[in-house]
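Descriptive analysis of the structure
Single-letter residue listing:
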Amino acid sequence: MCNWHNVFQPIYQIDQNMNPRIDHYEMLLHDENDKFPVHDFFSAISTEEDNQKWIQAEVKSLEKLFSVYPNINVNLNIEPIQFAYPSVWDFLHDIYNKYGQKVALEITERQLQAGPLGANNFDCSFQRIHDMGFRIALDDVDSGSNSFEFINHHADRIDAVKLSLLIFDNISLETTVDFIHAWSSFAKEKNLDLVLEAVRSKYIAEKFAGDKHIFQQGYYWSKSLPLDEIE
């Protein structure tokens, strides 16, 4: 776990002529094999003591990143169950005081009922994050009613929703576009940005180019980059 580091995937705004502009980056935790450390990560965040290893890795990555790119904007991934730990709140206070809104939080919807933090307590945590001043994106949303209800409930405290296109792999492009349009309409009604994750086809990239409320992320545009390859 001591070899954890972050790579950075660009998130683009695409104009109507298909010209990409990097708006911000997502920090992605990797191990020495350059993959997300699934087992080690979820083992580490299961206790506050072990979660310190995650905090240390993120602090180190942020310090390196901003020492080279002081004006960059990045999203930091965090799991809901981590909000049960006082040390995580200390960490969040520290990074907001140091970097302000240059660091936003991406909060996954998974594990809301798991571990020491239930859904009701998470509501309080959500408000606390919002009150601290962080911009918030809900990661890993899908098209199910629970996700919709959850996002609708928190819409006044978040800034963006992220829709992974991986869940549409066995669905036609036309139907995928219909789902994206539905999420886009909802996001616009709630004054939220929509980030399309895992954009891999020119068809999807072109279909949603030129919409200032829709951002794109995925291998069609760029892989994740080590610190020394960031533009």
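Residues numbered from 1 in each chain as written. Predicted model: local features only at pLDDT ≥ 70, side-chain atom pairs only at ≥ 80, totals over all residues. Heavy atoms only, no water.

1. Brief notes about the overall build of the protein chain
- Helix and strand counts for the protein chain stand at seven helices and eight strands.
- Over its C-alpha atoms the protein chain spans a radius of gyration of 17 Å, differing by no more than 12% from the 17 Å that the globule rule assigns to 231 residues.
- Expressed along its principal axes, the backbone C-alpha trace of the protein chain runs to roughly 45 × 40 × 30 Å.
- Within the protein chain, the fraction of its 231 residues that count as buried is 50%.
- Look at the contacts in the protein chain between residues 6 or more apart in sequence, and 69% of them connect residues 24 or more apart.
- Taken as a whole, the protein chain presents about 11,300 Å² of accessible surface, with 47% of it coming from carbon and sulfur.
- In the protein chain, which carries 19 positive and 36 negative side-chain charges, the distance between the mean positions of the two groups comes to 4 Å. (Helix = DSSP H or I, 4+ residues; strand = E, 2+ residues; numbered from the N terminus. Rg over C-alpha atoms; globule rule 2.2 N^0.38 Å. Buried < 20%, exposed > 50% of the residue type's maximum accessible area, 1.4 Å probe, protein only. Contact = heavy atoms within 4.5 Å. Areas by Shrake-Rupley, 256 points an atom, 1.4 Å probe, with all protein chains shown as cover. Lys, Arg positive; Asp, Glu negative; His and termini not counted. Charge placed at Lys NZ, Arg CZ, Asp CG, Glu CD.)

2. Observations concerning unusual backbone geometry
- A positive phi angle, close to 70°, is found at M18, a residue other than glycine.
- Structurally, the position occupied by M18 is in the loop between β1 (5–14) and β2 (20–30).

3. What about the sheet that holds strand β5 (residues 136–141)?
- The eight strands are arranged β1-β2-β3-β4-β5-β6-β7-β8 in a closed barrel whose pairing can be described as mixed. Going across the sheet, the axis of each strand differs from the next one's by a mean of 30°, ignoring polarity.
- Across the face of the sheet, helix α2 (residues 48–68) comes into contact with β1, β2, β3 (74–78) and β4 (103–108) while running at roughly 175° to β3.
- In the packing of helix α6 (residues 173–189) onto the sheet, the strands contacted are β6 (160–164), β7 (193–197) and β8 (214–216), and the crossing angle to β7 comes to about 155°. (Pairing = 2+ DSSP bridges. Axes fitted to C-alpha atoms, helices over the stretch in contact; angles between N-to-C directions.)

4. Quick look at the packing of aromatic side chains
- This model, assessed by the stated rule, comprises 14 aromatic pairs.
- For the ring pair F41 and F42, a centre distance of 5.0 Å and an interplane angle of 75° mean the geometry is edge-to-face.
- Taking the relative accessible area as the measure of exposure, F41 reaches 5% and is therefore buried.
- The exposure class assigned to F42 is partly exposed, which follows from its relative accessible area of 25%.
- The residue whose ring lies beneath R128 is W89, and the NZ or CZ to ring-centre distance is 4.0 Å. (Phe/Tyr/Trp six-rings, centres within 6.5 Å; stacked < 30°, edge-to-face > 60°. Lys NZ or Arg CZ within 6 Å of the ring centre and 35° of its normal.)

5. As for the pairing of β6
- Of all the five residues making up β6, five are buried; the element is thus mostly covered by neighbouring parts of the structure.
- Residue alternation in β6 divides its side chains into two sets, A160, K162 and S164 and V161 and L163, and both sets are buried.
- Here β5 runs beside β6; their pairing, made up of three bridges, is parallel. When the sheet's bridge partners are listed, A137 is paired in β6 with A160.

6. Looking at the environment of L65
- Relative to the elements of secondary structure, L65 occurs in helix α2.
- Excluding its chain neighbours within four sequence positions, the residues that come into contact with L65 are F8, I72, V74, L227 and I230.

7. What to know about the side chain of N6
- Tracing the backbone shows N6 in strand β1.
- In this structure N6 comes out as buried when scored by relative accessible area, which is 6%.
- Once you skip the residues sitting within four places of it in the chain, N6 turns out to touch M27, L28, L29, A57, E58 and S61.

8. Examining the side chain of E26
- Take E26: it is sitting in strand β2.
- At 3.0 Å, the side chain of E26 and the side chain of K162 are in polar contact.
- When sequence neighbours within four positions are dropped, the list of residues in contact with E26 reads V7, F8, Q9, I11, N75, N77, E106, D139, K162, E197 and Q217. (Polar contact = N/O pair within 3.5 Å; in protein donor to acceptor, adjacent residues only side chain to side chain.)

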